[in-house]
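# Structural features, examined
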Amino acid sequence: MKRKLKEVLSKLLSIKSLKKSIFIPFFLFAFVFIGVSLFSIYVLHKKVIQKEVSFEYENIDTMLKDKVQSDALSLRLYIGRLSTNDSLIEAFKMNDLDLFQKVSKSYYNNANLDLKPDLLNFISDDGIVRFRSHRPDEYGQKVTQQSIYQKAVATRTSFYHIGSGTYSNVSLKVIVPVRDTAQKVVGYIVVGKDFYRILQETAKQTHMDFLFFAKVNASNLKSNKDKIKKFGLFKKGKNNLFLEWSTLPENTKINKDIIETKIVSDSVTSINLNGIDYLSKSIPLIDFDETEFGHVFVLHDNSIHFNDLKKSISSLIIISILMIIILSLIFNKILDRAGKNLFEKNQKLSLELKKRRIADEKLIENNNELKQVTLIASHDLRSPLTNLEGLLDLLKQEDKDPELTSLLIDNASTSVELMKNTIDSLTTIVKQKESFSKQRVKEQDIKEVFDNVILQLKFLIDEKKIEIKSDFSECPTFLISKVHLKSMLLNVVSNAIKYASEDGEIVPFIEVSSQMNNGVSSIIIKDNGIGFDSNFQKGKLFKPFKRFHHEKTGSGIGLYLTKLIVENYNGKIQIESEVGKGTIVKIDF
């Protein structure tokens, strides 16, 4: 079948007209579509199985609890009749071993007994084992499980318990006091059923495999050393578990590491044992006093469900391939002509759409650039203009020293020159557009640009007696437009000057430095000004025309412009500020 299919595909691919048509894309698309559909069916089916199995696991948990309760009640009914037996009461009083054995034998041979226990122990009131049904030749020792015995002495009532002893497997046990005619407790009866039998009976009803892991304790460590040696100890939190019983074949290889990772999970997971895929879940086993005494690892064989699914999918694949081949041969000529026409139309449409997209992108870019240039021009001219206004006010004063007048005029000329340079630079951006956008980004000396900014703001700095500190040794250059670098520094430093501390006891300062860390170039501007609550204003920091100190004049677009420039270079700007402590601005590129 496979060889014939390959021959048909080879002939189809060799047809010249087929190569010119849209058959091959269609052919591939059909195969992909069918493949995805089949895979989706497989995944959905798997999820359905997992849901069904999860529901079955919940039923198993309920079944186990009901089974334990039912068997515990049966044991209690059995032991209730035995506890009132006169011969047993006499055996306890006389400490008669032969009579203990006789009483035990008569109850084990009782034809009316539905539930035959796996162990039957008689314990005296002072904690001495008088008889063990599973070890009849050993008696007279103290009870090894002192906590259980002490509970019996303390309560003087019957109770249930699940656990293992020095000479017994994990068992469901019922402990009942034996009282004489004066209602005095003369001893205790312990009757039990091996817990693996409860699991075995439950497993038969569910058709699943069970692995029973019991908790290791001082009592069962010695008696189960062979099992521990064979499979090892399994970690579950702070507890050590050992594999006491399993429904799997004896030659099954139990991977300790895989089981340990699965046993801690409460969800349904997949596991592979001896080449068989199972869905598994670990169900904790809880004693009557709400303590955990072990885990049952329930395995559900996936092959039962998935073999039928694989057969169905295989049949669907073969039928789908044959249908694709037949339909492709029928419609090949039609698709050839239609494909050519459609191809030509698509080519024209794609070319037209490409031209329109390029035109739209250029229009958006020009609009954004025009908006940014307008904002930068308005903002960057404000500081030198303020500087010039201050100088002019000084010039208006009478009785000025000629030398001071000359110095003020020189500073005013410098401010005018700086404004002219700013206007010329921004005008150049507007005129050159595309050519400027290609050439504007290059390595800029940040110290040179920073000195230019300080010169531009010198009057305001001197007026507020601000100490300027700078260190650009770690990262002296940045790959950025000079206009943008200057604009960023001007915006942030202007804000630092504007909101400098007015406390006469504090010497205001502005520290500007650069860093290089893990390939990230950073500019850090720090001041000890009046500050603001950056956490409270977090959502408004970079909104245009937002101001945080209304008693100060300003346009409120400085940080907004700075953020636009930083993001244009795929950078990030962060601000931390506290009222009365100052502000730190960090710009990363």
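Residues numbered from 1 in each chain as written. Predicted model: local features only at pLDDT ≥ 70, side-chain atom pairs only at ≥ 80, totals over all residues. Heavy atoms only, no water.

## Section: the sheet that holds strand E11 (residues 292-301)
What counts, and what does not: The rule for pairing is simple: two strands pair if DSSP sees at least two bridges between them. Secondary structure is summarised from DSSP: a helix means a run of H or I of at least four residues, a strand means a run of E of at least two, and numbering begins at the N terminus for each. Throughout, an axis means a line fitted to C-alpha atoms (over the contacting stretch in the case of helices), and angles, computed between N-to-C directions, take values from 0 to 180 degrees. Note on contacts: a residue pair qualifies if any of its non-hydrogen atoms lie within 4.5 Å across the two residues.
Strands sit in the order E7-E8-E6-E11-E10-E9 across an open sheet of six strands; the sheet is antiparallel. In the strand order of this sheet, the two ends are held by strand E7 (234-236) and strand E9 (269-273), each with one partner. Averaged over all pairs of adjacent strands, the angle between their axes in this sheet comes to 40°, without regard to strand direction. Pairing of strand E6 (residues 209-215) with E11, which is carried by six bridges, proceeds in the antiparallel orientation. Paired with Phe213 across the bridge in E11 is His295. Across the face of the sheet, helix H7 (residues 195-206) comes into contact with E6, strand E8 (239-246), strand E10 (276-286) and E11 while running at roughly 160° to E6. Strands E6, E7, E8, E9, E10 and E11 of the sheet are contacted by helix H9 (residues 256-263), whose axis makes an angle of about 20° with E7.

## Notes on the confidence of the model for the protein chain
Just so we agree on the cut-off: The predictor reports its confidence for every residue as pLDDT, a score running from 0 up to 100.
Summary statistics for the protein chain give a mean pLDDT of 76 and a share of 74% for residues scoring 70 or more. Here residues 11-19 is a poorly scored stretch, pLDDT under 50, and it has 13 contacts once near neighbours within four places are set aside; other chains count. Here residues 428-436 scores under 50 on pLDDT; set against residues more than four positions off or in separate chains, the count is nine contacts.

## Here we look at the nonpolar core
Put simply, the rule reads: To define a nonpolar core, start from buried Ala, Val, Leu, Ile, Met, Phe, Trp, Tyr and Cys residues and group those joined through side-chain atoms within 4.5 Å. Only protein chains enter the accessibility calculation, which uses a 1.4 Å probe; a residue whose area is less than 20% of its type maximum is buried, one above 50% is exposed, and one in between is partly exposed.
Ranked by internal contacts, the top residues of the largest apolar core, which has 47 residues, are Leu82, Leu88, Phe122, Phe195, Phe210 and Phe212. Ignoring anything within four residues of it in the chain, the contact list for Leu88 reads Leu82, Phe100, Val103, Phe122, Val178 and Ile189. Core analysis: the next-biggest nonpolar cluster, separate from the first, contains 36 residues, Phe472, Phe478, Val566 and Ile575 among them.

## Some details on the side chain of Asp588
Spelled out, the test is: Neither His nor the chain ends is counted toward charge; the positive residues are Lys and Arg and the negative residues Asp and Glu. Within this document, salt bridges are pairs made up of a side-chain nitrogen of Lys or Arg and a carboxyl oxygen of Asp or Glu, the two lying within 4 Å of each other. Identification of polar contacts relies on pairs of N or O atoms within 3.5 Å, with a donor-acceptor requirement for protein atoms, meaning one able to donate a hydrogen and the other able to accept it, and with residues adjacent in sequence counted only if both atoms are side-chain atoms.
When you line up the elements, Asp588 lands in strand E18 (residues 582-588). Notably, Asp588 is buried but unbridged: the nearest opposite-charge side chain belongs to Lys586, and the N-O separation is 4.1 Å. Side-chain polar atoms of Asp588 contact the side chain of Ser522, separated by 2.5 Å. Every residue in contact with Asp588, bar those within four places of it in the chain, is listed here: Val520, Ser521, Ser522, Val566, Gly571, Lys572 and Gln574.

## Focus: the packing of helix H15 (residues 482-498) against helix H16 (residues 558-568)
Heads up, the rule is: Each crossing is labelled by how the near helix is turned from the far one, with a counterclockwise turn of less than a right angle marking it left-handed and a clockwise turn marking it right-handed. Gly is placed with the polar residues, together with every amino acid not listed as nonpolar (Ala, Val, Leu, Ile, Met, Phe, Trp, Tyr, Cys and Pro) or charged (Asp, Glu, Lys and Arg).
Closest axis-to-axis distance for the H15/H16 pair is 9 Å, and the angle between their directions is 145°. Handedness of the H15/H16 crossing: left-handed. The residues of H16 that touch H15, namely those facing His484, Ser487, Met488, Asn491, Val492 and Asn495, are Gly558, Leu559, Leu561, Thr562, Ile565, Val566 and Asn568. When its residues are assigned to classes, the contact of H15 with H16 shows six nonpolar, seven polar and no charged.

## Focus: the packing of helix H13 (residues 446-456) against H15
Test applied: Note on terminology: angles under 35 degrees are roughly parallel, angles over 145 are roughly antiparallel, angles of 65 to 115 are roughly perpendicular, and the others are oblique.
It is at 9 Å that the axes of H13 and H15 come closest, and there the two elements cross at 50°. Comparing the axis directions of H13 and H15 gives the class oblique. Note that H13 runs across H15; the crossing there is right-handed. Contacts between H13 and H15 pair Ile446, Glu448, Val449, Phe450, Asn452, Val453, Ile454 and Gln456 from the former with Lys482, Leu485, Lys486, Leu489, Leu490 and Val493 from the latter.

## Quick look at the packing of aromatic side chains
A ring pair, where both rings are aromatic, is described by two values, the distance of the centres and the angle of the planes. Note the cut-off: The criterion for an aromatic pair is that two Phe, Tyr or Trp rings (for Trp, the six-membered ring) have centres within 6.5 Å, with stacked assigned to planes under 30 degrees apart, edge-to-face to planes over 60 apart and tilted to the rest.
Counted according to the given criterion, the structure contains 12 aromatic pairs. Ring centres of Phe195 and Phe212 lie 5.4 Å apart, and the angle between their planes is 40°; this geometry places the pair in the tilted category. Taken as a pair, Phe195 in helix H7 and Phe212 in strand E6 lie far apart in primary sequence, 17 residues in all. The exposure class assigned to Phe195 is buried, which follows from its relative accessible area of 1%.

## Thoughts on a negative patch on the surface
Note the threshold: Like charges within 9 Å and nonpolar side chains (Val, Leu, Ile, Met, Phe, Trp, Tyr) within 5 Å are joined into patches, using only residues over 30% in relative accessible area that form no salt bridge. Note on areas: Shrake-Rupley with a 1.4 Å probe; residue coverage comes only from the protein chains shown. Charge coordinates come from a single atom per side chain, which is NZ of Lys, CZ of Arg, CG of Asp or CD of Glu.
Together, Asp86, Glu90, Asp96 and Asp98 line one region of the surface with negative charge. For Glu90, the position within the fold is in helix H4 (residues 86-94).

## A word on the environment of Leu485
Looking at the secondary structure, you find Leu485 in helix H15. For the pair Leu485 and Ile446, spaced 39 residues apart in sequence, the C-alpha to C-alpha distance is 7.8 Å. Filtering out sequence-adjacent residues up to four positions away, Leu485 remains in contact with Gln444, Ile446, Val449, Ile480 and Ile523.

## Remarks on the sheet that holds strand E5 (residues 185-194)
Strand order in the open sheet formed by five strands is E2-E1-E5-E4-E3, with antiparallel pairing between adjacent strands. What marks the edges here is a single partner per strand, and that holds for strand E2 (129-132) and strand E3 (159-163). Strand-to-strand twist in this sheet, taken as the mean axis angle between neighbours without regard to direction, amounts to 20°. Bridge analysis of strand E1 (residues 119-124) against E5 gives six bridges, and the strand direction is antiparallel. When the bridges of E5 are listed, Asn121 appears paired with Val190. The strands that helix H6 (residues 146-155) touches are E1, E3, strand E4 (171-179) and E5; relative to E3, the one it contacts most, it runs at about 175°.

## Topic: the pairing of E6
Counting buried positions along E6 gives five out of seven residues, so the element sits mostly inside the fold. When E6 meets E8, the two strands line up antiparallel, connected through five bridges. The residue bridging Lys215 from the neighbouring strand is Leu241, located in E8.

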